[in-house]
Amino acid sequence: MVFDDKVAEEYVKQQIVLENAQQVLECAKPYIKPGCEILDFGCGPGFASRMLAALPEVKSVLGADVSEGMLGQFNKLAAEENEQVRSKLSSLKTSANPVEELKPHVGSKDLVVMAFVVGHLHPREAGYEVVKLAAACLKPGGRFLLAELNGGAPFHAAGGGHGHGHEHGHGHEHGHGHEHGHGHEHGHGHEHGQGQETSSCHEHGHGHGHGHGHGHGHEHAHDEHEVYYEDQLHDLLAKAGMSGIKTEKGYKFTKNNVTVNCAVISGVRE
């Protein structure tokens, strides 16, 4: 998602942006050692970046974002900090596929932070690829912190899918000149999109043996936000080559009178 200047100006006024940055900061603190160099990928206006730069152990924080509007806010707010914090902050404009932009930083960071970014990356495979590219910026033993909505949020146009299938079969035959068979099949599909569609079928037949099958699928499809659950966030880091993956914390926030679950996941580059 790319924010223009006007949207970025409104974004920085949201209290929840500050509160989420504070949650990330608390999870990052145990892993920060003297001389720590940090990449804040998808930094937005830089709330977390500035908090991290204010820690005396931190040497530098590079804020990277695809949005010119957000980087404008990042640089504006960084300029308002004291010299000690300001001197640690720098920004980087990235593209949707930031291979070239991140190449100079491969293997150079002690900590990579990615907060509330992957949900905006489409298709889903793009999220995996960007996490992998950001993780490559870590030194061996460096820590990746990934914060994201756990299960999406109703105030986003969220996309996600859930399906479940079950099948059972049984055959039975009698001899002595007598044979009996019964077939039964049931299927049900239910889908939510802009409208609603329901279909079902029921079939009986006589034949050889007895069979029963049942399947159920349920899918929600919307447009703008990829939905991740906690185990899928773990999987994101695993696919990026991280080890020692764990949930640092789960927490909730409220926006538009809706309470939302969040998770902060971490992993280590081997």
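See the structure shown above.
Residues numbered from 1 in each chain as written. Predicted model: local features only at pLDDT ≥ 70, side-chain atom pairs only at ≥ 80, totals over all residues. Heavy atoms only, no water.

(A) Region of interest: the overall build of the chain. The secondary structure content of the chain amounts to eight helices and 12 strands. When burial is assessed residue by residue, the chain has 40% of its 270 residues classed as buried. Roughly 14300 Å² of accessible area belongs to the chain as shown, and the carbon and sulfur atoms make up 50% of that amount. (Helix = DSSP H or I, 4+ residues; strand = E, 2+ residues; numbered from the N terminus. Buried < 20%, exposed > 50% of the residue type's maximum accessible area, 1.4 Å probe, protein only. Areas by Shrake-Rupley, 256 points an atom, 1.4 Å probe, with all protein chains shown as cover.)

(B) The arrangement of the pattern of salt bridges in detail. A complete count under the given rule lists nine salt bridges for this structure. We note a salt bridge from E10 to K13, for which the minimum N-O separation is 3.3 Å. Here D110 ties to K139 by a salt bridge, and the two come within 3.3 Å at their closest N and O atoms. With D110 in strand β4 (residues 109–115) and K139 in strand β5 (residues 138–149), the pair connects residues that are 29 residues apart, well separated along the chain. On the basis of relative accessible area, K139 is assigned to the partly exposed category, the value being 27%. It is possible to trace a salt-bridge network through shared partners that takes in E37, D110 and K139. (Salt bridge = Lys/Arg side-chain N within 4 Å of Asp/Glu carboxyl O.)

(C) Representation of the packing of aromatic side chains within the structure. Tallying each qualifying case throughout the model produces zero aromatic pairs. Cation over ring: K239 sits above Y128, and NZ or CZ is 4.1 Å from the ring centre. (Phe/Tyr/Trp six-rings, centres within 6.5 Å; stacked < 30°, edge-to-face > 60°. Lys NZ or Arg CZ within 6 Å of the ring centre and 35° of its normal.)

(D) Structural context of the packing of helix α7 (residues 124–135) against helix α8 (residues 230–239). Where α7 meets α8, the axes come as close as 8 Å, and the angle between the chain directions of the two elements is 50°. The orientation of α7 with respect to α8, classified from their angle, is oblique. Relative to α8, the crossing made by α7 is right-handed. Across from R124, G127, Y128 and V131 in α7, the residues of α8 making contact are Q232, D235, L236, L237 and K239. Among the residues forming the contact of α7 with α8, the class breakdown is four nonpolar, two polar and three charged. (Axes fitted to C-alpha atoms, helices over the stretch in contact; angles between N-to-C directions. Parallel < 35°, antiparallel > 145°, perpendicular 65-115°, else oblique. Left-handed = near helix turned anticlockwise from the far one by under 90°. Contact = heavy atoms within 4.5 Å. Nonpolar A, V, L, I, M, F, W, Y, C, P; charged D, E, K, R; others polar.)

(E) Inspection of the sheet that holds strand β3 (residues 89–93) at higher detail. Pairing is mixed across the open sheet formed by seven strands, whose spatial order is β3-β2-β1-β4-β5-β12-β11. Looking at which strands have only one partner, the edges of the open sheet turn out to be β3 and β11 (242–255). Across this sheet, the average inter-strand angle for adjacent strands is 20°, counted without regard to direction. As paired strands, strand β2 (residues 58–65) and β3 are joined by five bridges and run parallel to one another. (Pairing = 2+ DSSP bridges.)

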